[in-house]
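Chain and residue survey
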Amino acid sequence: MGKSIPQYLGQLDIRKSVVSLATGAGAIYLLYKAIKAGIKCKPPLCSNSPICIARLAVERERHGRDSGELRRLLNSLECKQDEYAKSMILHSITRCVYLLEAEASACTTDDIVLLGYMLDDKDNSVKTQALNTLKAFSGIRKFRLKIQEHSIKVLELISTIWDTELHIAGLRLLNNLPLPDYVHPQLRRVMPALMEILQADYILAQVQAVRLLSYLAQKNDLLYDILNCQVHSNFLNLFQPTQPGSLLYEVLVFAERLSEGRNAPHYRAVKWHYNEQSLHESLFGEESRLADRLLALVIHPEEDVQIQACKVIVSLQYPQDLRARPSSCQPSRSYFKNTE
């Protein structure tokens, strides 16, 4: 018996719906199977991906057992590897140290020695990654003294290789370590290089360089070397309000430390001589325009910068020993005598 056209189309629509539902159900089932397989699938321990390292960290915390990943990576570093492989291994070791605290603490000073060897590699990226790895290990107290032994080598790298990433890595490491007195002669030799990095146009390296210089400015036997270090004629551009707030703050801290140091009684007891292009003349000389820069920073939008600028102004107007005795305080030569 024949069917009318409406009846035929209706039956066809039903069949299409059934096929569509079947197809959709099949697709959902296949998707479920894929997700389930993905969850069950565990990447091999040799994976260097961040996901793998994170998974190991979570797994260790969950089950309270050693994943062995950090030791495996350190062992592989002892094998002959090309420069790219060494760089990637060191990068993975650095992540492991931060993520797998127990495994990192279980390492030995021999591992630190091995990492130190990497600082002599011919490839700058390997040196940089080794510096980052040593920085990670420096957060573990028992390794700090051993890592300190590489301070002179790190200073040598910073001063002889003009590589921004290496500078950042090396300076971050040094800023995370107390530098022993026996390093001071080397610090004097690399002072011009540190000053050049500070004046280079790369914010991350500049911030790390000025932090190290601020720390060194508190060392009595290094203060003159810093103040007499030659700088560019536009050094005060570092105090421009247009500079990033993070850099401005650190530069102002540096200026305050220098001002306090040069005003200390034991430093003023000696008649020091500075070259015309020295940091001292740029900041504190008769022709210095530091006062103008500081006054502009008092109204900077960032409060930390405002406060630090005020601290520098106070340190310039009143020597440290006089500030301790307010009843007999007499201002020294004011850098702000022409301002309101």
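Residues numbered from 1 in each chain as written. Predicted model: local features only at pLDDT ≥ 70, side-chain atom pairs only at ≥ 80, totals over all residues. Heavy atoms only, no water.

Some words on the confidence of the model for the protein
Taken residue by residue, the protein gives an average pLDDT of 83. The fraction at 70 or more is 74%. For the stretch residues 37–46, pLDDT sits under 50, and the model shows nine contacts to residues farther than four places along the chain or on other chains. pLDDT under 50 marks residues 325–340. Its contacts with residues more than four places away, or in other chains, come to 25 contacts. (pLDDT = per-residue confidence, 0-100. Contact = heavy atoms within 4.5 Å.)

A look at the nonpolar core
The tendency in soluble globular proteins is for nonpolar side chains to be buried as a group. One finds F137, F239 and L258 to be the most contacted residues of the largest nonpolar core, which totals 84 residues. Both domains that furnish three or more residues to this core are identified here as domain 1 (51–178) and domain 2 (179–318). (Core = buried A, V, L, I, M, F, W, Y, C linked by side-chain atoms within 4.5 Å. Buried < 20%, exposed > 50% of the residue type's maximum accessible area, 1.4 Å probe, protein only. Domains from an automatic or database assignment.)

Considering helix α7 (residues 124–137)
The α-helix advances 3.6 residues per turn, and as a result positions three or four apart in sequence lie on the same side. When the terminal C-alpha atoms of α7 are compared, their 20 Å separation across 14 residues agrees well with the 20 Å that a helix rising 1.5 Å per residue should span. In terms of residue burial, α7 counts as a mostly covered element, since 12 of its 14 residues are buried. Among the residues making up α7, those that are buried are V126, K127, T128, Q129, A130, L131, N132, T133, L134, K135, A136 and F137. Along its buried surface, α7 packs onto α4 (83–99), α5 (101–105), α6 (109–117), α8 (144–148), α9 (151–160) and α10 (164–175). (Helix = DSSP H or I, 4+ residues; strand = E, 2+ residues; numbered from the N terminus. Expected span 1.5 Å × (residues − 1).)

So, the pattern of salt bridges
Evaluated as defined, the whole model comprises 11 salt bridges. Linking E69 and R72 is a salt bridge whose minimum nitrogen-to-oxygen distance equals 3.5 Å. Note that E69 and R72 are positioned in helix α3 (residues 69–78) at a spacing of three residues, about one turn of the helix. A relative accessible area of 0% places E69 in the buried class. A relative accessible area of 31% places R72 in the partly exposed class. Residue R71 pairs with D111 through a salt bridge whose shortest N-O separation is 2.9 Å. On the criterion of sequence distance, the pair formed by R71 in helix α3 and D111 in helix α6 is long-range, its members being 40 residues apart. Accessibility expressed as a relative area gives 34% for R71, which makes it partly exposed. Classification of D111 as buried rests on a relative accessible area of 5%. One network of salt bridges, in which partners are shared, links E83, K86 and D121. (Salt bridge = Lys/Arg side-chain N within 4 Å of Asp/Glu carboxyl O.)

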